[in-house]
Amino acid sequence: YGVPSSSYCYEAVWSTPLAMQLYGLDFLGFEKEVEKYLEPYRTYQGTKKPPSPYLEKHPGYIATPPQLSAIDWITDHAAILWIASEHAMLSGNKDFIKKWTEPIVQACRFICSALSTKGNGFYEGILPPAISNDSGWCVQSVWNNAWYHKALKTAAMFLMGVNHPEAEYFSKKTEEYRRLFRKIFTDVVKKSKKWKTPDGSYVPFVPPVFSIDTTQEASHAFNLDTGAMVLVFGEIFDADEPEMKTAVRWFREGPQWRIYRRFSSEWQPAVLDNEISSCEPCYSWNIFHSLQLEDREKFTKGLYGLFAAGASRQNFVSCETRNGVSGNCISYGTALMLTRLCTIEEKQKQLHLLRMTPLAFFENEGFIWKDVPTYFGSISISGKRRKNSLFIDYKLPDRIKPDRSIIHIPPFSNIEFIVLNNKRLKYSGEKFFVLK
């Protein structure tokens, strides 16, 4: 089984965005479908060579099954490893965990092996040059490393939870990987050319590629989609760090805005048009920055942009570009992931609720979510606003007890009472409550 990216021109599976779509399916309660679509990757694990001249076949390498494949990206391995580990933790399904634990371990071993690759002309200790997107360029890119770090970190977390003997090693390897990548990337950015911002200051250009550059990546639209902004999603940099602030600023304010034209080619140098990518909305990684920074205006604009411009409001078909609808399903994975994370998010061993939920969710009849899977078990939560009162009902997960469960109070201006599970509290401006 597979999920073709489109019925029109993408009648194959692109595994990296598929992983985000499977996250969305998990959020919506389609656990069995997630497992059905992941099964071919387990079946065909180790049968394909990674798309890099520097990497050999490995029993742990995960790729799109040949019957479903169009263009293989090196990130496909990491994306499937990430979502398989996520699903194992979200579902707690013992049968899935038993079936997938060894493939996950093998996949981690492949990453560790790939990170030890040596060669001429590229940085060692991180992922070597490989194909990272449909361009076919074989380069050492930010995009590839962001996915591989996130996958290894998530898989190590899962393996820790099942007390696997290699979990500690993979966890330490993840931290070594992060430290080395940050050092390399920070040095590359320091040496990068500077550009003049609209306010007259000069800041460095944050490149998408830092060795074996084809000279095309910086001006290509994929600079936004598979460029430096993904490092926040990849958990290597935080959104408030200078490199990430500068990376986002390029797409909001860069000189390409002088020639940018709406309803023109999607291949013009990319910008963030109303906080989503002018090329492929599903890769608007800046929205993860806004979520982390708790920038409600930019986050809400980006999230609603994914639903309103990343898909047709007439037929609900997802779009690849702002100006050319291609009947696909890609934008919804990112949109659903962000919808879930702004309302329910695990952080270390804590559970955060309503941290960035858009205020519109609470209007009229409000929202009701039932049995949403989390690392700790399923949770139900609902919220609505009535005049000067905010009503929030919740049922906390019971599979694993979080260290803390925190409910964040949305920033309404005229709330006098908070009603938590029918308990009426005088509201004194608290930003959050710790739930018991």
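A quick note: this is a predicted structure, and the numbers were derived from the prediction, not measured.

Rules of the game
- Residues numbered from 1 in each chain as written.
- Predicted model: local features only at pLDDT ≥ 70, side-chain atom pairs only at ≥ 80, totals over all residues.
- Heavy atoms only, no water.
- Core = buried A, V, L, I, M, F, W, Y, C linked by side-chain atoms within 4.5 Å.
- Buried < 20%, exposed > 50% of the residue type's maximum accessible area, 1.4 Å probe, protein only.
- Helix = DSSP H or I, 4+ residues; strand = E, 2+ residues; numbered from the N terminus.
- Contact = heavy atoms within 4.5 Å.
- Polar contact = N/O pair within 3.5 Å; in protein donor to acceptor, adjacent residues only side chain to side chain.
- Axes fitted to C-alpha atoms, helices over the stretch in contact; angles between N-to-C directions.
- Left-handed = near helix turned anticlockwise from the far one by under 90°.
- Nonpolar A, V, L, I, M, F, W, Y, C, P; charged D, E, K, R; others polar.
- Parallel < 35°, antiparallel > 145°, perpendicular 65-115°, else oblique.

Novice: Which residues make up the nonpolar core, and what are the values?
Specialist: In terms of nonpolar packing, the biggest core is built from 107 residues, with Trp-82, Phe-185 and Trp-285 touching the most fellow members. Here the element with the most residues in this core is helix H4 (residues 94-115); it accounts for 12 residues. Not counting the four nearest positions on each side in its chain, Phe-185 is found in contact with Val-142, Val-206, Pro-207, Phe-210, Ala-228, Leu-231, Phe-237, Glu-243 and Met-244. Counting residues in hydrophobic clusters, the runner-up holds 26 residues, among them Phe-27, Ile-344, Phe-376 and Tyr-427.

Novice: Now, about the side chain of Ser-389: what can you tell me, with residues and values included?
Specialist: Residue position: Ser-389 is located in strand S12 (residues 389-395). Polar side-chain contacts of Ser-389 include one of 3.3 Å to the side chain of Asn-388. When residues no more than four places from it in sequence are discounted, the contact partners of Ser-389 are Lys-384, Ile-415 and Phe-417.

Novice: Pulling in residues and values, what's your account of the environment of Gln-256?
Specialist: Within the fold, Gln-256 resides in the loop between helix H9 (242-253) and strand S6 (272-273). Given the relative accessible area of 6%, Gln-256 is considered buried. Beyond its immediate stretch of four places on either side in the chain, Gln-256 contacts Trp-250, Phe-251, Pro-269, Ala-270 and Val-271. For Gln-256, the side chain forms a polar contact with the main-chain oxygen of Ala-270, separated by 3.0 Å.

Novice: Give me the lowdown on the environment of Phe-27, citing residues and values where you can.
Specialist: Mapped onto the elements of the fold, Phe-27 is located in helix H1 (residues 15-28). Distance in space between the C-alpha atoms of Phe-27 and Leu-341 is 9.9 Å, their sequence separation being 314 residues. Leave out the neighbours within four places in its chain, and Phe-27 touches Leu-336, Thr-339, Arg-340, Trp-369, Val-372 and Pro-373.

Novice: Before we move on, can you summarise the packing of helix H10 (residues 286-293) against helix H11 (residues 296-308) with the specific residues and values?
Specialist: The axes of two packed helices give the description: the angle between them and the distance between them. Packing of H10 against H11 brings their axes to within 8 Å, and their N-to-C directions diverge by 145°. Considering how the two elements wind past one another, H10 and H11 form a crossing that is left-handed. Contact with H10, carried on its side by Ile-287, Ser-290 and Leu-291, involves Lys-298, Phe-299, Gly-302, Leu-303 and Leu-306 of H11 and no other residues of that element. Residues of the contact of H10 with H11, tallied by class, amount to five nonpolar, two polar and one charged.

Novice: Describe the packing of H1 against helix H3 (residues 75-91), with residues and values.
Specialist: Contact geometry for H1 and H3: axes closest at 8 Å, N-to-C directions at 15°. Put simply, H1 runs roughly parallel to H3. H1 and H3 meet at a crossing whose hand is left-handed. Within the contact between the two elements, H1 uses Ser-15, Thr-16, Ala-19, Met-20, Leu-22, Tyr-23 and Asp-26 and H3 uses Thr-75, Asp-76, Ala-79, Ile-80, Trp-82, Ile-83, Glu-86, His-87 and Leu-90.

Purely spatial values, then, with no claim about function.
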